[in-house]
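# Descriptive structure summary
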Amino acid sequence: MTDGQGNHYGFQLPDELILLRDQVRRFMREEVKPIEDGLPHDATVCAPEDRARLRAIAEEMGLTRLTVPEEYGGNPVSALARTIIAEESAKCRLGGYNPALGAFGGGAPNIIWRGTPAQIEKYGIPCVQGRKRAFVAITEPTGGSDPRNNITTRAEKRGDVWVLNGRKMWITAAKGADYGIVFARTSDGGDGVPPQHTAFIVEPDFPGIEFHEIEVIRALSPYEIVLDNCEVPAENVLGEVGHGFGVAQTWLVDGRIPYAAGCIGIAQEALDMACGWVKQRPTRGGMLADRQAIQWMIADSEVELRAARMLVYDAANKVDAGQPGKVDASICKLYGTETAGRVVDRAIQMFGGMGVAKEMPLERWYRELRVKRIGEGPSEVHRMVIARDKLRNTDGGMYFG
Ligand SMILES: Cc1cc2nc3c(=O)[nH]c(=O)nc-3n(C[C@H](O)[C@H](O)[C@H](O)COP(=O)(O)OP(=O)(O)OC[C@H]3O[C@@H](n4cnc5c(N)ncnc54)[C@H](O)[C@@H]3O)c2cc1C
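Treat the numbers as computed from the prediction; the structure is a model and nothing was measured.

## Focus on the site of the ligand
Near the ligand there are 19 residues, and of these Thr-139, Gly-144, Ser-145, Trp-170 and Thr-172 occur at the shortest range. Thr-139 places a polar side-chain atom, nitrogen or oxygen, 2.7 Å from a nitrogen atom of the ligand. Protein burial of the ligand: of its 960 Å² of free accessible surface, 65% is covered by the chains. Elements with a contribution of two residues or more to the shell around the ligand: β1 (134–137), β3 (161–172) and α10 (379–393). Tallied by class, the residues present in the shell around the ligand amount to eleven nonpolar, five polar and three charged. Per-domain counts for the shell around the ligand show at least three residues from each of domain 2 (134–238) and domain 3 (246–400).

Shown next as structure tokens:
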């Protein structure tokens, strides 16, 4: 555990991960923050030359291509290492978009590595090299919480192409991407067999695809994607026909632990900022830091952050030990995002008016973190996953079993 000053409590990280954490922390302070200071408040990217420079430094430090298999030029590291990197690299105004500063990401969603050699060559490798960018389109207007039943975009095989019809909603950074992985229904199932879905690699200049921006609370817009007889070559099926959903699940579950870690990193930075502020802000009869009302906000935030971090590190350890991580990932996603929202909210309260001023990162983090309780599955769906698992595996205990 760290208190933001580098001190550890509770969970003892191995020495090499402490070193890694300190390296990322230095990189953020010395390289990323000065660039970010010159960007508009709601920026989500920096100038291409700055991006290239940051990427080169990050490459040198071994912080890129972390989920890419070695044979494709990747630098795969343990889930715990990815968690530490996500936590530290989110401690900046761009928060969740760093890795998206372009410094860290391989760019291709992990599932592309399940593709054919030709798909990996054409779509995966250029992402690793920072030359291409991809989106992932699962959610539809019919509802994203239950994609297995709610994906109604259809794909029909006609000759040597698949024809896609339907709409996708809320797709992050879809416009301007070089390709997307789009999930569509290829069979309705029936007689107890669930609907089946297939993943397709879709390029923006395929015929029959349109993008419409949706402005939301956060800085980076998602898009509606309209597929109107969009023709996708048969060789662009990713994985097996009918098995798209399993592919999507693996990818989503893999990402949830670092996702939660990033939220914790942002919230830790917010809490540390608030501590600095209350120690120097006078009120009649003492500093803000002397007030019990303020101390309780700090105490609650510190306790909740330590608990959230412990959950995240523990889940990452389990993944590294080869244990199934789905429920742990849901626990991390739920508790990490909700804790971070509460902590940043309290930090804003401690700063008062300054807390909502655009010259501070807090109001931006507040908006960004609000989305985190919805994206990658809303909190309620993760609660459902956790509760079902608990009910399935618990017999009533010592007195009711
Ligand atoms: C900014 C942003 C970016 C996104 N980026 C992407 C992306 O890149 N790719 C992608 O595919 N999707 C993306 N999404 C979609 C996101 O995953 C969905 O918004 C999310 O899964 C919820 O789906 P929904 O919005 O359709 O809400 P619905 O499924 O309609 O649910 C609405 C609300 O109902 C409640 N609810 C739902 N089911 C249950 C239940 N079983 N029990 C109790 N309560 C329930 C929850 O509170 C939920 O928030 C993004 C969303 C946002 C807001």
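## Regarding unusual backbone geometry
When glycine is set aside, most residues are seen to have a negative phi, and most peptide bonds are trans. Within the chain, Trp-170 stands out as a residue other than glycine whose phi angle is a positive 65°. Within the fold, Trp-170 resides in strand β3. Unusually for a residue other than glycine, Glu-376 sits at a positive phi of about 55°. In this fold, Glu-376 is placed in the loop between α9 (362–372) and α10.

## So, the state of the cysteines
Using the criterion set out here, one finds zero disulfides in the structure. With no disulfide of its own, Cys-230 lies 18 Å from the sulfur of Cys-127, the closest cysteine sulfur. There is no disulfide at Cys-332, and the cysteine sulfur nearest it, in Cys-263, is 11 Å away. Overall, Cys-332 belongs to the buried group, its relative accessible area being 2%.

## Quick look at helix α2 (residues 48–60)
If you check α2, its first and last C-alpha atoms are 18 Å apart, about what 13 residues at 1.5 Å a residue would give, namely 18 Å. Those residues of α2 that are buried lie in contact with α1 (15–37) and α4 (117–128). With its phi angle positive at about 75°, Gly-62 sits one or two positions after the end of α2.

Rules and cut-offs
Residues numbered from 1 in each chain as written. Predicted model: local features only at pLDDT ≥ 70, side-chain atom pairs only at ≥ 80, totals over all residues. Heavy atoms only, no water. Near = heavy atom within 4 Å. Polar contact = N/O pair within 3.5 Å; in protein donor to acceptor, adjacent residues only side chain to side chain. Areas by Shrake-Rupley, 256 points an atom, 1.4 Å probe, with all protein chains shown as cover. Helix = DSSP H or I, 4+ residues; strand = E, 2+ residues; numbered from the N terminus. Nonpolar A, V, L, I, M, F, W, Y, C, P; charged D, E, K, R; others polar. Domains from an automatic or database assignment. Disulfide = S-S within 2.5 Å. Buried < 20%, exposed > 50% of the residue type's maximum accessible area, 1.4 Å probe, protein only. Expected span 1.5 Å × (residues − 1). Contact = heavy atoms within 4.5 Å.

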